[in-house]
Structures are given as structure tokens and as C-alpha cells.
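Residue strings, one per chain:
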Amino acid sequence: MTALLRNTLAVVVATTLAAASGAPSAVARPAEPQVVTAHDHLRDLAPAAAGPLDYARASAVLVSHDDSTLAILQVRGIDRSVAGRSFGAHLHVGPCVAGDGAAAGPHYNTDTIAGKVPPRVSPSTEIWLDFTVSPTGAGNALTVVPFTPQPGNRSIVIHEKPTDHHGAAGSRLACLPLSW
Ligand SMILES: [Cu+2]
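Residues numbered from 1 in each chain as written. Predicted model: local features only at pLDDT ≥ 70, side-chain atom pairs only at ≥ 80, totals over all residues. Heavy atoms only, no water.

*Asks:* I tried to follow the nonpolar core on my own but got confused; where do I start?
*Replies:* Here is a general trend for soluble globular proteins: nonpolar side chains tend to be buried in one another's company. If you look at the biggest cluster of nonpolar residues, it comprises 30 residues, and the most contacted ones within it are L42, L73, V75, F131 and I156. Among the elements of the structure, β1 (34-41), β3 (57-65), β4 (68-76), β6 (89-92), β8 (139-145), β9 (153-159) and β10 (172-179) are those that each provide at least two residues to this core. With four residues, the single largest contributor to this core is β10. Those residues in contact with I156 that sit more than four places away from it in its chain are A60, L73, A89, H90, L91, L129, A174, C175, L176 and L178. The next biggest cluster of nonpolar side chains, apart from the first, holds five residues, and it includes C96, A104, V157 and C175. (Core = buried A, V, L, I, M, F, W, Y, C linked by side-chain atoms within 4.5 Å. Buried < 20%, exposed > 50% of the residue type's maximum accessible area, 1.4 Å probe, protein only. Helix = DSSP H or I, 4+ residues; strand = E, 2+ residues; numbered from the N terminus. Contact = heavy atoms within 4.5 Å.)

*Asks:* What is the right way to look at the coordination of the copper ion in this model?
*Replies:* When four donors bind a metal tetrahedrally, each ideal donor-metal-donor angle is 109.5 degrees, and when six bind octahedrally, the ideal angles are 90 or 180 degrees. Protein ligation of the copper ion involves H90 (ND1), H92 (NE2) and H159 (NE2), the donor distances falling in the range 2.0 Å. For the copper ion, all donor residues lie on one chain, and their spacing in sequence is H-x1-H-x66-H. One end of the pair, H92, is in strand β6; the other, H159, is in strand β9, and 67 residues separate them in sequence. Judged by relative accessible area, H92 falls into the buried class, the value being 0%. (Donors = N, O, S within 2.8 Å, 3.2 Å for Na, K, Ca; no water.)

*Asks:* For this particular structure, what's the right way to read the sheet that holds β6?
*Replies:* The pairing of strands in a sheet happens through backbone hydrogen bonds and is either parallel or antiparallel. One open sheet holds the four strands; their spatial order is β2-β10-β9-β6, and the pairing between them is antiparallel. Bordering the open sheet on either side are β2 (43-44) and β6, each of which pairs with just one other strand. As defined by bridge partners, β2 adjoins β10 across two bridges and the pair is classed as antiparallel. Counted as the bridge partner of R43 is C175 from β10. (Pairing = 2+ DSSP bridges.)

*Asks:* For this particular structure, what's the right way to read the side chain of R154?
*Replies:* Along the chain, R154 falls in strand β9. A polar side-chain atom of R154 sits 2.9 Å from the main-chain carbonyl oxygen of V93. Every residue in contact with R154, bar those within four places of it in the chain, is listed here: L91, H92, V93, G94, P95, C96, Y108, L176, P177, L178, S179 and W180. (Polar contact = N/O pair within 3.5 Å; in protein donor to acceptor, adjacent residues only side chain to side chain.)

See the structure below:
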């Protein structure tokens, strides 16, 4: 993604989120939006066997403003033989390390970060980006959550199955590094 596109997207999203939150546009807004981007080949977390994501690459954008975050995930180069299949994907707290799915740690959960016990597990307290593979081997996901993720060496992990109500999605297939 070019810097121009990223900056334009940031302004558009920030304006949209501000409007959605009902913030008066005449008021000066000292806080700049936080924009996090990543674009890379996916790291293989299941290298023992050939998988549908072995040649895939992905882009992710997280735009946060006024404690709302828009998250976008675009995956390309997925094996077309799995068109129509859905995969779970989430922001995890830890880093994306090839061959080491455990390194990514648990889901990023805003309740856990805030020390709330027990944390609520939902698409509002975590960033869930499940996608369904198109006939051309692409997957797209978008979500909006009511919090700003804290910086760190993090990852978006793609799992073998869609996310269930408990946040589970089966084994970890691949990940995209995301650091800010
Ligand atoms: Cu996950």
C-alpha cells in the first residue's frame, strides 16, 4: 500500500469513525488516528504438511480513532481448490514466527489487557477477521471494534476452521506479522 493511499484511508476512516461516534466536527481533535499496516507473505505455522495458504500473502490495516478500530484483512494467493471454505483469523498478542504457532500466544483481548477477570470473549473484545475463499483464491474481512489495540510485536493468525462462539477455530495454519 502506498503512503498516499494509507494516509488517505486514514483520514477517510477517522472521519467516518468520528461521525459514527457523534463527535462534533467543529471541535479540534488533538488525537491523531493510529494507523497500523502490514503486507507480507504469510508465515507457515504448519510446515509438516502442504496447506492451502503455503503461497498466500496478506495485507492488514488497523485504523484506530476515539477508541474505535477498523480492521481490514486481505489475503491473496490461496490455493483455489479451497474456494468456498472459511477460515478463522484473529489478532493475537504474540509475534508471528514460522513453524512456531504457540509463539503467537492467545488472542488479543481488550478485557485481558485491562485486567478484567474473567475476560469476555467476543468479536467486540477481540479482533476477529474470518474470511471465505473466493474462486480466485482471495479472502477479505473487515471488522470494527470499540477499543484501540496496544502496541507490540503481534500477529494475525489464520486457523483451519471458522471461529466459533468461544473464539476457537482449530489449529494454526499461518500468520502475518504486525508490529507497531
Ligand atoms: Cu486465532
